[in-house]
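# Residue-level structural notes
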Amino acid sequence: MAENIYTGFHAVEEHVREYREHPDGSKLIIEYSKPGPRIKKILDLASKSNVECRQVSDRDLDASVSSLPESVRDHRGIILRAVGEKALAQNSVQLDQWLTSCPERATVVVLDSVTDPHNVGAIIRSCDQFGASLLVLPERRSASDVQENQIIARSSAGSSAWVPVAVVTNLVRSVQMLKDAGFWIYGADAGGQSLAETEFATRTCIVMGSEGHGMSRLLAENCDAIVSIPTCGKVDSLNVSVAAGVLLYERYRTNPVD
């Protein structure tokens, strides 16, 4: 039975909250060492969500995270074990921990309700080619299921092995986290400022919505700017993966990675 381990206050708290709202059949177990104020808050939420909690030593926590990628081994005194949850993709990262070490110049792509794994794979390929640092997918209503990883990997031409992906429970909260870390949020949609007139910030986040419905209202309200790609065709819009490639190219052209 698959077991995923999550570290970081925010990641643990969000998983417990999501589990309380949408039980998925997995079993969650929290292990903690010293219950400081933030950990006590998480433990209180866990008790209301029927999540098992165990107090262990820091040495036990160190051993539990030893096989995780180095960037997520800082457990800060608490971890969450999700037993029976679908396995994480090899390139998965946790957004809150990624933000603690992200470069000063960074590009993040957020996909809202993009359900076709071929499109996700093509976007990952553009992320790799044009120096994007991270792709963020919602846990629900997206092509983030591990069963689709083969399609995504094939469509990305192998780039999925190199581009970090964060699967999050709440896109709006995640975009706010990016804002708090100094990212300027650009939503891709019709009726915005022309891409030709857009000067991307040093820390840029590009939000792409689904072809049918675009971005959700709450995400659009959290954007600092709406950007549109000038076109001259008869069809309403570009395919989302093509649009993402155009935006990422322009970002890279005007502010290339060293």
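The next point concerns helix α3 (residues 58-65). For α3, the full list of buried residues reads L61, S64 and V65. Angularly, the buried residues of α3 cover 85° about the axis, an arc narrow enough to put them on a single face. Facing away from the buried side of α3, by more than 90 degrees, are the exposed residues R59 and A63.

Turning next to the packing of helix α5 (residues 117-129) against helix α9 (residues 240-254). Where α5 meets α9, the axes come as close as 8 Å, and the angle between the chain directions of the two elements is 10°. Regarding the angle of α5 to α9, the classification is roughly parallel. Along the contact surface, α5 presents N119, A122, I123, S126 and C127, while α9 presents V240, S241, A244, G245 and L248.

When you line up the elements, N222 lands in the loop between α8 (217-221) and β10 (225-228). Measuring from C-alpha to C-alpha, the distance between N222 and V175 comes to 7.6 Å, with 47 residues separating the pair along the chain.

Glancing now at the packing of helix α1 (residues 9-21) against helix α2 (residues 37-48). With their axes 9 Å apart at the nearest point, α1 and α2 run at an angle of 15° to one another. Classed by the angle they form, the pair α1 and α2 counts as roughly parallel. Handedness of the α1/α2 crossing: left-handed. Of the residues in α2, those in contact with F9, H10, V12, E13, V16, R17 and R20 of α1 are R38, I39, K41, I42, L45, A46 and K48. Tallied by class, residues from the contact of α1 with α2 come to 7 nonpolar, 1 polar and 6 charged.

Attention now goes to the sheet that holds strand β4 (residues 78-83). Spatially, β1-β4-β2-β3 is the arrangement adopted by the 4 strands of the open sheet, whose pairing is mixed. The strands lining the two open edges of the sheet, one partner per strand, are β1 (3-7) and β3 (52-55). Here the average twist between neighbouring strands, direction ignored, is 20°. In this structure, strand β2 (residues 27-32) lies alongside β4, joined through 6 bridges in antiparallel fashion. The partner of I29 across the bridge, within β4, is R81. Relative to β2, α2 is tilted by about 155°, and along the sheet it contacts β2, β3 and β4. With respect to the sheet, α3 is in contact with β1, β2 and β4, its orientation differing from that of β4 by roughly 50°.

Scanning the entire structure with this criterion turns up 14 salt bridges. Each of E3, K27, E31, E52, R54 and R81 takes part in salt bridges that share partners, so that together they form one network.

This next bit is on the side chain of E250. For E250, the position within the fold is in helix α9. Within the structure, the side chain of E250 is placed 2.6 Å from the side chain of R253, a separation counted as a polar contact. Residues within four places of E250 in sequence aside, it is in contact with L195 and F200.

In this model, the second largest pocket occupies a volume close to 490 Å³. Lining the second largest pocket are 20 residues, and of these A188, D189, A190, S237 and L238 lie nearest its centre. Counting residues per element, the ones that place at least two in the lining of the second largest pocket are β8 (184-194), β9 (203-209), β10 and α9. Its residues placed into classes, the lining of the second largest pocket shows 10 nonpolar, 7 polar and 3 charged.

Summed over all chains, the structure comprises 4 aromatic pairs. Judged by centre distance (4.9 Å) and plane angle (70°), the rings of Y186 and F200 are edge-to-face. Of the two residues, Y186 sits in strand β8 while F200 sits in the loop between β8 and β9, which places them 14 residues apart along the sequence. Each member of the pair Y186 and F200 is classed as buried. Ring-pair connections join several aromatic residues into one group, and the members of that group are F130, Y249 and Y252.

Definitions and cut-offs
Residues numbered from 1 in each chain as written. Predicted model: local features only at pLDDT ≥ 70, side-chain atom pairs only at ≥ 80, totals over all residues. Heavy atoms only, no water. Buried < 20%, exposed > 50% of the residue type's maximum accessible area, 1.4 Å probe, protein only. Helix = DSSP H or I, 4+ residues; strand = E, 2+ residues; numbered from the N terminus. Arc of directions from axis to C-beta. Axes fitted to C-alpha atoms, helices over the stretch in contact; angles between N-to-C directions. Parallel < 35°, antiparallel > 145°, perpendicular 65-115°, else oblique. Contact = heavy atoms within 4.5 Å. Left-handed = near helix turned anticlockwise from the far one by under 90°. Nonpolar A, V, L, I, M, F, W, Y, C, P; charged D, E, K, R; others polar. Pairing = 2+ DSSP bridges. Salt bridge = Lys/Arg side-chain N within 4 Å of Asp/Glu carboxyl O. Polar contact = N/O pair within 3.5 Å; in protein donor to acceptor, adjacent residues only side chain to side chain. 1 Å grid on protein atoms, 1.4 Å probe; cavity = no way out; pocket = protein on both sides within 12 Å on 5 of 7 lines; lining within 4 Å. Points joined across faces, edges and corners; volume = space filled by probe spheres on them. Phe/Tyr/Trp six-rings, centres within 6.5 Å; stacked < 30°, edge-to-face > 60°.

Everything listed here is a matter of geometry and, on its own, says nothing about what the molecule does.
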